[in-house]
Amino acid sequence: MKNRKSIIAGAILSIMLCVSIVAGATFALFETKDEINVSVGSANVKITATIGDLETYSYDATENAQIKTAANGTFTAGGTATVGANGSLVLDRIAAGDKVTFNLNVKNESNIKTKWRTVVKCLNGRELYDGLAITLGGETKTVTAYEDLDIAPEGGETKTVAVSIELPYDAGNEFLNKNCELVVRAEAVQANAAITEVTEATEVKNSLANGGTTLLSSDIELSEAVTVAGGNATLDLNGNTLTMAQQIIVEDGNLNITNGKVVLTGIDDKDTGYDIRVTTGNSSVTVENSYIQAKKDAFFIVNDGNRTAPALVIKNSTVKTETGGWFCINTNAGSTENYNVDIEIENSTVIGGETAILFNIPGNLTVRNSTLISERSAVVLRAGNALIENTVIYGRSSTATLNYYNERNWASGNEVTDASLVIGNRNGSYRGDATCVLKNVTVLRNGALEGSRTICISGGNTVDGVQYGASLVYDANCKMGVATDTDMLLDIESTEAMTNDCIYVDSKAPDRTKISINGIALN
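Residues numbered from 1 in each chain as written. Predicted model: local features only at pLDDT ≥ 70, side-chain atom pairs only at ≥ 80, totals over all residues. Heavy atoms only, no water.

Moving on to the nonpolar core. General note: in soluble globular proteins, nonpolar side chains tend to be found buried as a group. Residues Leu 255, Phe 299, Ile 329, Ile 423, Leu 438, Ile 455 and Leu 472 are the most contacted members of the largest nonpolar core, which totals 70 residues. Here this core takes 6 residues from strand E29 (residues 355–368), the largest share from any one element. Sequence-distant contacts of Leu 255, defined by excluding residues within four places in its chain, comprise Leu 208, Val 228, Ala 233, Leu 235, Ile 248, Val 250, Ser 284, Val 285 and Thr 286. Counting 33 residues, the second-largest nonpolar core is a separate cluster that includes Ala 49, Ile 94, Leu 104 and Ala 186. (Core = buried A, V, L, I, M, F, W, Y, C linked by side-chain atoms within 4.5 Å. Buried < 20%, exposed > 50% of the residue type's maximum accessible area, 1.4 Å probe, protein only. Helix = DSSP H or I, 4+ residues; strand = E, 2+ residues; numbered from the N terminus. Contact = heavy atoms within 4.5 Å.)

So, on to the packing of aromatic side chains. Working definition: an aromatic ring pair is given by the centre-to-centre distance plus the angle between the planes. The full count for this structure, using the stated rule, is 2 aromatic pairs. Here Tyr 59 and Tyr 169 contribute two aromatic rings whose centre-to-centre distance is 3.7 Å and whose plane-to-plane angle is 20 degrees, an arrangement assigned as stacked. Within this pair, whereas Tyr 59 is found in strand E2 (residues 47–60), its partner Tyr 169 is found in the loop between strand E11 (157–166) and strand E12 (179–190), the two being separated by 110 residues in sequence. Relative accessible area serves as the criterion here: at 22%, Tyr 59 is assigned to the partly exposed category. By relative accessible area, Tyr 169 is classed as partly exposed at 27%. Ring geometry for Tyr 404 against Tyr 405: centres 4.9 Å apart, planes inclined by 75 degrees, an arrangement best described as edge-to-face. On the basis of relative accessibility, which here comes to 7%, the residue Tyr 405 falls in the buried class. Just above the ring of Tyr 291 sits the side chain of Lys 261; from NZ or CZ to the centre is 5.1 Å. (Phe/Tyr/Trp six-rings, centres within 6.5 Å; stacked < 30°, edge-to-face > 60°. Lys NZ or Arg CZ within 6 Å of the ring centre and 35° of its normal.)

Laid out in structure tokens, this is it:
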């Protein structure tokens, strides 16, 4: 049961308005028989967005209901809702039970036929964003369906969408002192933009295979695997849920997943059960403003020897693997051709499974403004370069796994000495140094498990006559601490400045001189 506090002290929610335009151009057709004059005028796709009719509400315990506040723009507990000169809306010190409503007024000034919609996206502060209740047009969703707009009449016309943003009264302590920045965006495209609206499972599969934008018009369940082979494909969930019983495979192409939820029921096999696979270089998957829920493994990113690294980019999203799952994000060191992978995570939560991120090859891992939580070790960096900034890392571990590898050789994957963050190798066939840089990062251990560790570093492993090391560099803003969790919701008990003394240096490392730890002031 959540321990609710009625005031979410210091929580600040910034809401910005913006417009996104994809403009087209029209050209006169002509013959080249004789010299002629040709006049070309490009089309104008133009919309503007403003806030109107702002109202504030707070929960009244006597009435057991939300009521409009006596002073509009001021919540009962003292927080405020103000619209700045740049059109942004700032909710300062929003408390549980506070709500703001307003109209998004979208003015159409286009001179060609267009279609438009409203999208709410989280820019920063995913933790608070996930606790908000958001409605558009009176419905609980963050994306509206596309609507047709004819050529604007003289002076333009205005469309209105009612927006409501609320921190529910039963919000728990996990939302204390959080900040969030989101954008309410009016998007417009020319009427003949390549957007395929799908209503059936087979349409999803075929549309993604053909590239372009696939727009879900409702929740859809798909039992077949989907392959994106070549070209660029966008899966616009449009606020809906796509449930996949098989894999999504990206080969020599690029897949963008936006604006909704993908539920991956998964293949229950540790070797083949990866739900979204990037299997070739020069390919990528980008996830934005979405929720990816997997049964066993969510993402599997490997190269095929291509000089251009495959990429996984996760922004403003949540990736969650069910309890008992393996990895949220996984690379593979089975072949040197698999090496060279780029993974970027920003303003997101990666949670669940034995390990949130397993990175075991030469390549680059970048994590910013995120939360990484798992049942065992949250991040295992056995090779490659990792830059982690403004992020919380927590691995729960357990009595069964905590000390299992203290005296044993490490095995493959995450079969290593347990710690929330593991860097390097005691032994094995992993080819590559493991280098980790932390900036303003908090690494937490499980306070309910005696002997649990925040960071473990090991180095000096030799493969084919080459010795590889491990290094950790952290700045003065980094912290180590103690936390517990209930169903992966963290309760941070205490933190302190990160020091070398609190880092577990593997005593079984073949050559401890290959281990480097430096706490310095980083620029």
